[in-house]
Amino acid sequence: MKCHNCGGSFEQITTDLPFKTGPHSIIIIKELPVLQCGNCSEFLLEDAVMEKVDAIIAGTGKTVEVEILRYAA
Ligand SMILES: [Zn+2]
């Protein structure tokens, strides 16, 4: 798969990413496997990872302003 931004190659990396879950709430998922372009900073989530993220977000409390969770494969 090539980067749609610059045509570079994606590499599988593990990073921490924030996701907004409501107007005043955000969760940070740690050790999330993502594909990042080795040439620019573009990254994308694989479908299976995105589904897991959706499930994690669905299981969080919407009233918590910041929640830090660990992605477990
Ligand atoms: Zn790129």
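See the structure printed just above.
Residues numbered from 1 in each chain as written. Predicted model: local features only at pLDDT ≥ 70, side-chain atom pairs only at ≥ 80, totals over all residues. Heavy atoms only, no water.

K.L.:
Is there a simple way to think about the pattern of salt bridges in this case?
P.N.:
Pairing between side chains of opposite charge can happen when the charged atoms of each approach one another. For the coordinates displayed, the defined rule picks out two salt bridges. In this structure, Asp-16 engages Lys-30 in a salt bridge whose closest nitrogen and oxygen atoms are separated by 3.9 Å. Pair noted here: Asp-16 is in strand S1 (residues 10-22) and Lys-30 is in strand S2 (residues 25-37), with a separation of 14 residues, a long-range link. Look at Lys-30 and you get partly exposed, because its relative accessible area is 30%. A salt bridge links Arg-70 to Glu-31; the shortest N-O distance between them is 2.3 Å. With Arg-70 in strand S4 (residues 66-70) and Glu-31 in strand S2, the pair connects residues that are 39 residues apart, well separated along the chain. Owing to a relative accessible area of 53%, Arg-70 belongs among the exposed residues under this scheme. (Salt bridge = Lys/Arg side-chain N within 4 Å of Asp/Glu carboxyl O. Helix = DSSP H or I, 4+ residues; strand = E, 2+ residues; numbered from the N terminus. Buried < 20%, exposed > 50% of the residue type's maximum accessible area, 1.4 Å probe, protein only.)

K.L.:
When you look at the coordination of the zinc ion in this model, what are you seeing that I'm missing?
P.N.:
Each pair of donors in an ideal octahedron of six around a metal sits at 90 or 180 degrees, and each pair in an ideal tetrahedron of four sits at 109.5 degrees. Of the protein atoms, only Cys-3 (SG), Cys-6 (SG), Cys-37 (SG) and Cys-40 (SG) coordinate the zinc ion, at distances of 2.3 to 2.4 Å. The coordination sphere of the zinc ion comprises four donor atoms, whose angles at the metal cover 101 to 116 degrees; the geometry is tetrahedral. Written as a sequence motif, the donor arrangement for the zinc ion is C-x2-C-x30-C-x2-C. Judged by relative accessible area, which is 5%, Cys-3 ranks as buried. For Cys-6, a relative accessible area of 35% gives the class partly exposed. (Donors = N, O, S within 2.8 Å, 3.2 Å for Na, K, Ca; no water. Tetrahedral: all angles 85-135°; square planar, octahedral: opposite > 155°, others 65-115°.)

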